[in-house]
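Architecture at a glance
So you can see what is in the structure, the chains are spelled out below.
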Amino acid sequence: MNTATFFITDVFGIEKYTGNQLATFVNCSHFSDKEMQQIAREFNFSETTFILSDLKNDGYDVRIFTPESELDFAGHPTLGTAFIIRQILQREPTDAVRLNLKVGQVPVFFPEDNMAELLWMKQIEPRFGRTFQPEDLAPVLSLPETAFHDRIPIEEVSTGLPFLIVPLKSMEYLKQAFIQIGHYDKFLEKTSAKGILIFCAQGYTAKQDLAVRVFVPCLGVPEDPATGSANGCLAGYLVKNGDLGQKRIEATVGQGYEIGRPSELFLQGEERDGKIDIRVGGKVILVARGEWC
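Residues numbered from 1 in each chain as written. Predicted model: local features only at pLDDT ≥ 70, side-chain atom pairs only at ≥ 80, totals over all residues. Heavy atoms only, no water.

Describing the overall build of the protein
What counts, and what does not: Runs of E in the DSSP output that reach at least two residues are strands. Runs of H or I that reach at least four are helices, and both are numbered from the N terminus. In this description the radius of gyration comes from C-alpha coordinates, and the expected globular size is given by 2.2 Å times residues to the power 0.38. Whether a residue is buried, partly exposed or exposed follows from its accessible area with a 1.4 Å probe, protein chains only, as a fraction of its type maximum: under 20%, in between, or over 50%, in that order. In what follows, a contact means two residues having at least one pair of non-hydrogen atoms within 4.5 Å. The charged-residue count follows a simple rule in which Lys and Arg add positive charge and Asp and Glu add negative charge, with His and chain termini not counted at all. In this description, the location of a charge corresponds to atom NZ of lysine, CZ of arginine, CG of aspartate or CD of glutamate.
Within the protein one finds 6 helices and 18 strands. Over its C-alpha trace the protein gives a radius of gyration of 18 Å, about what one expects of a compact globule, namely 19 Å for 293 residues. Each of the 293 residues in the protein was classed as buried or not, and the buried ones make up 57%. Residue pairs in contact within the protein that sit at least 24 positions apart in sequence constitute 65% of those at least 6 positions apart. Side chains of the protein carry 29 positive and 39 negative charges; the gap between the two charge centres is 1 Å.

Structure (structure tokens):
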């Protein structure tokens, strides 16, 4: 294989060795599609990214791979790759980095005087799809039908990558959930959403508003530590389906606690002139760099 420099970051981390791991390759335009997929499988992180160009059309060409396949869009890879571009490739302050992804150009913002060191990713407007009933998801998630929230729907949402958003009544049910692969595989025949996000209105810590878990077994991700794309879908879902019909939400989300990778994501969503604007924020922590032989 061809040589290239790579970096490992923890995205949506609380501190080092938390959040979602990401490998990002630079100077790698010589890699073939097959090599990129093989490298992603070798790392076996939720995603691995490849920066294929210098600044081009006001952005950088980037490709995203899970261990099983390429994605048009994913959240934590977008945030982490923008961090590497700004810190390693640009080496000078800038308030935004734009990634040219298969879903289109996605901007990541670096606010000035940001004491929390949060990066913010603007996602494309959410699209809403089918809704489902508790009896459809209960066997998939190994939960009783009474575990599901009865005032807001189970609904498909996409901001470039579709997820099924599933509201649960309590943290107890959230922690009990377990994917039954046989039922999951059958359920995939009914939906375009391969990933499932479950959530409840209670945080893992006092400063968190929501707790979330995300499962995408068919892409080689049994459970994801932190999922920016899915949480962007959740932000749009909450604006559309909030109990009080609110047009604007801000929320702090905990994820990854059940698998030993506690993560924290910050959501902003607002409806303006009939359109929903979504941003997802979090920290990115540089962990390592190396050379691919």
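So, the packing of aromatic side chains
Quick reminder of the rule: Any two of the Phe, Tyr and Trp rings considered here, Trp counted by its six-membered ring, make a pair once their centres fall within 6.5 Å; the pair's planes then place it as stacked at under 30 degrees, edge-to-face at over 60, or tilted in between.
Summed over the entire model, instances satisfying the criterion amount to 14 aromatic pairs. With 5.3 Å between their ring centres and 50 degrees between their planes, F43 and F45 make a pair best called tilted. For F45, a relative accessible area of 14% translates into the label buried. Considering the side-chain rings of F199 and Y237, the 5.9 Å spacing of their centres and the 80 degrees angle between planes classify their relative orientation as edge-to-face. Placement of the pair is F199 in strand β12 (residues 195-200) and Y237 in helix α6 (residues 228-241), with a sequence separation of 38 residues. The exposure class assigned to F199 is buried, which follows from its relative accessible area of 5%. Exposure remark for Y237: the relative accessible area of 0% places this residue in the buried category. Joined through ring pairs, the aromatic side chains of F6, F25, F31, F43, F45, F50, F65 and W292 make up one cluster.

So, the pairing of strand β4 (residues 60-65)
As a reminder, the rule being used: Strands are treated as partners if at least two bridges between them are detected by DSSP.
Most of β4 sits out of view: 6 of its 6 residues are buried. What you see with β4 is no split at all: Y60, V62 and I64 on one side and D61, R63 and F65 on the other are buried throughout. Sheet topology places strand β3 (residues 47-51) next to β4; 4 bridges connect them, and they run antiparallel. Paired with F50 across the bridge in β4 is R63. Pairing of β4 with strand β6 (residues 96-101) involves 2 bridges; the strand directions are parallel. Within the sheet, the bridge partner assigned to D61 lies in β6 and is N100. With 2 bridges connecting them, β4 and strand β5 (residues 70-71) associate as antiparallel partners. Residue pairing for β5: F65 is matched across the bridge by E70.

Considering the side chain of T81
One can find T81 in helix α2 (residues 75-90). Excluding anything up to four places from it in sequence, T81 contacts L22, T24, T49, I51, V62 and L99.

Concerning the nonpolar core
Applied cut-off: Only buried residues count toward a nonpolar core, which is a set of Ala, Val, Leu, Ile, Met, Phe, Trp, Tyr and Cys residues joined through side-chain atoms within 4.5 Å.
Counting 56 residues, the largest nonpolar core has L79, F163, I165, L197, F199, L234 and Y237 as its most contacted members. Counting residues per element, this core draws most heavily on α6, at 7 residues. Those residues in contact with Y237 that lie beyond four places of it in its chain are F128, I152, P153, E155, V157, I165, P167, F199 and G242. Grouped together as the second largest cluster of nonpolar side chains are 26 residues, F132, V166, L174 and A177 included.

Notes on the state of the cysteines
Short version of the rule: Whenever a pair of cysteine sulfur atoms sits within 2.5 Å, that pair is classed as a disulfide.
All told, the structure shown has 0 disulfides when counted by the stated rule. Free cysteine C200: the closest other cysteine sulfur is in C233, separated by 18 Å. For C200, a relative accessible area of 1% translates into the label buried. Sulfur of C293: no disulfide; nearest cysteine sulfur belongs to C28 and is 15 Å away.

Section: helix α1 (residues 33-43)
Listed in full, the buried residues belonging to α1 are E35, M36, Q37, I39, A40 and F43. As for α1, its buried residues are in contact with β1 (4-11), β2 (20-26), β3, β4, β5 and β18 (284-292). Of the residues one or two after α1, N44 is the one with positive phi, at around 60 degrees.

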